[in-house]
Amino acid sequence: MDELCGASPEQTYLKKTSYTARCARASRYLGGVSGETTTAHRRPRKIPDPVGQQCRSTLRDVDVPHYFRERHVRSGYRPLYRDWRYYSLSLFHWHNETLNVWTHLLGALLVLLRFAQLAQTVDFAGDAHAWPLLILLLSSLSYMSFSAVAHLFGGRSELCHYAFFFLDYVGVALYQYGSAVVHFYYVPREDWHWHRPWWLRRAFLPVAALLCCFSCFGCCYRKYSQHSQLERAHKLGQVVPCAVAYAWDSSPVFHRLWGCLPLCDGDAAALFHAGQVAFFLASAFFFTLPVPERWLAAPHRLLGLGHELFHTLLVLCTLCQIQGSHLDYLGRRALYLHLHGDGDAASFVVLFVAVAISCMLIVIVMMQKMKQLLNSRHKLL
Ligand SMILES: [Zn+2]
């Protein structure tokens, strides 16, 4: 991983001094009232905790490179070039990424629990019609876990930042494809399906797969060009491909809801799909705009930031989507057996693998470009 993230001289020095080892020693010393040497009458000494404090201390935005800074977030940044253990343990400390990590980590655990629950009643191995639901579960797990890893370790160095966030975008693209598959397979009304020419029906998922790759590239390219001053334009470069992909992937959901809201005649699955749309639109709002931090009176507050709300709402969107898709899988079997051929589900799995490989290739190419850019910049310094 050091090769991936580029060990700097400063980092090498810090490794020699074993920063976290000092933290661990300090913690043992300061908290050393347990174990065989402890006696009931001996009280822990109250002494200053300079090393422990250093482990938990964070920096202001002006003390970190500009590509780590979040708009309107003035403090809470972790120092760069510590060892991996430092960033792993920072999961339990308070900094600007703590909630970003935990929201998607807990989300991934919830999806994993739901997966285990569903596996007791759904034959994921033997029933090909359950594979779209399986793709949604796997893609949800991948985007949440990649995101948690990116927020936890992306602050280690410049190359780590780009490598892990590029991986995060692969997870986003996979989740887009997972959404498109369940929406196309279980969700549409019969008239949505048959009122389209056959070639458009056949093209729905290949187009969705292309849009996934396009949004992965758009997100990576926006990160790559973050050195420029055109921040607003680059954010659009990330948001527009994702919005186009979302509109395409969710068109069967919109059509179904259009015909049944607000009550949907007791169609519980449709209500869960309405919930996923509402949560997604709310999450997109907080992703796109730097609110509420723009209006916060306390500029050093790290709780309730827009990106944390975005993560939380996206987890709720995913849980609604899984629930709605599972209800459709159970309740609309006659319809989707009628709409889709026997080999369709298998071809959608192949396309899922193709999307994963294509996005990884995009990330490899973008990482090469990123390394070239950083090398040329370091030569100029
Ligand atoms: Zn995030």
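Residues numbered from 1 in each chain as written. Predicted model: local features only at pLDDT ≥ 70, side-chain atom pairs only at ≥ 80, totals over all residues.

*Asks:* Any chance you could break down the overall build of the protein chain for me, citing the residues and the numbers?
*Replies:* On a plain count of helices and strands, the protein chain comes out with 16 helices and two strands. The buried share of the protein chain, taken over its 381 residues, is 36%. The long-range share in the protein chain, meaning contacts at least 24 apart out of those at least 6 apart in sequence, stands at 77%. (Helix = DSSP H or I, 4+ residues; strand = E, 2+ residues; numbered from the N terminus. Buried ≥ 20, exposed ≤ 12 C-beta atoms within 10 Å, placed from the backbone. Contact = placed C-beta atoms within 7 Å.)

*Asks:* Now, about the environment of Arg222: what can you tell me, with residues and values included?
*Replies:* Mapping Arg222 onto the fold places it in helix H10 (residues 198–224). With 15 residues separating them along the chain, Arg222 and Gly237 place their C-alpha atoms 6.3 Å apart.

*Asks:* Break down unusual backbone geometry for me, citing the residues and quoting the values.
*Replies:* Look at Tyr81: it is not a glycine, yet its phi comes out positive at around 60°. Secondary-structure assignment places Tyr81 in the loop between strand S2 (75–77) and helix H5 (84–89). With 21 C-beta atoms counted inside 10 Å, the residue Tyr81 sits in the buried group. Here Asp265, not a glycine, exhibits a phi torsion of approximately 50°, which is positive. Judged by the 6 C-beta atoms lying within 10 Å of it, Asp265 falls in the exposed class.

*Asks:* Quick rundown of the packing of helix H6 (residues 98–119) against helix H7 (residues 131–153)? Include the residues and the values.
*Replies:* At a minimum axis distance of 8 Å, the contact between H6 and H7 shows a crossing angle of 155°. By the criterion of interaxial angle, the relationship of H6 to H7 is roughly antiparallel. Handedness of the crossing formed by H6 with H7: left-handed. Between H6 and H7, the contacting residues are Asn100, Val101, His104, Leu105, Gly107, Ala108, Val111, Leu112 and Phe115 on the first element and Leu137, Ser140, Leu141, Met144, Ser145, Ser147, Ala148, His151 and Leu152 on the second. Residues that form the contact of H6 with H7 fall into these classes: 11 nonpolar, seven polar and no charged. (Axes fitted to C-alpha atoms, helices over the stretch in contact; angles between N-to-C directions. Parallel < 35°, antiparallel > 145°, perpendicular 65-115°, else oblique. Left-handed = near helix turned anticlockwise from the far one by under 90°. Nonpolar A, V, L, I, M, F, W, Y, C, P; charged D, E, K, R; others polar.)

Keep in mind these values describe shape, not function.
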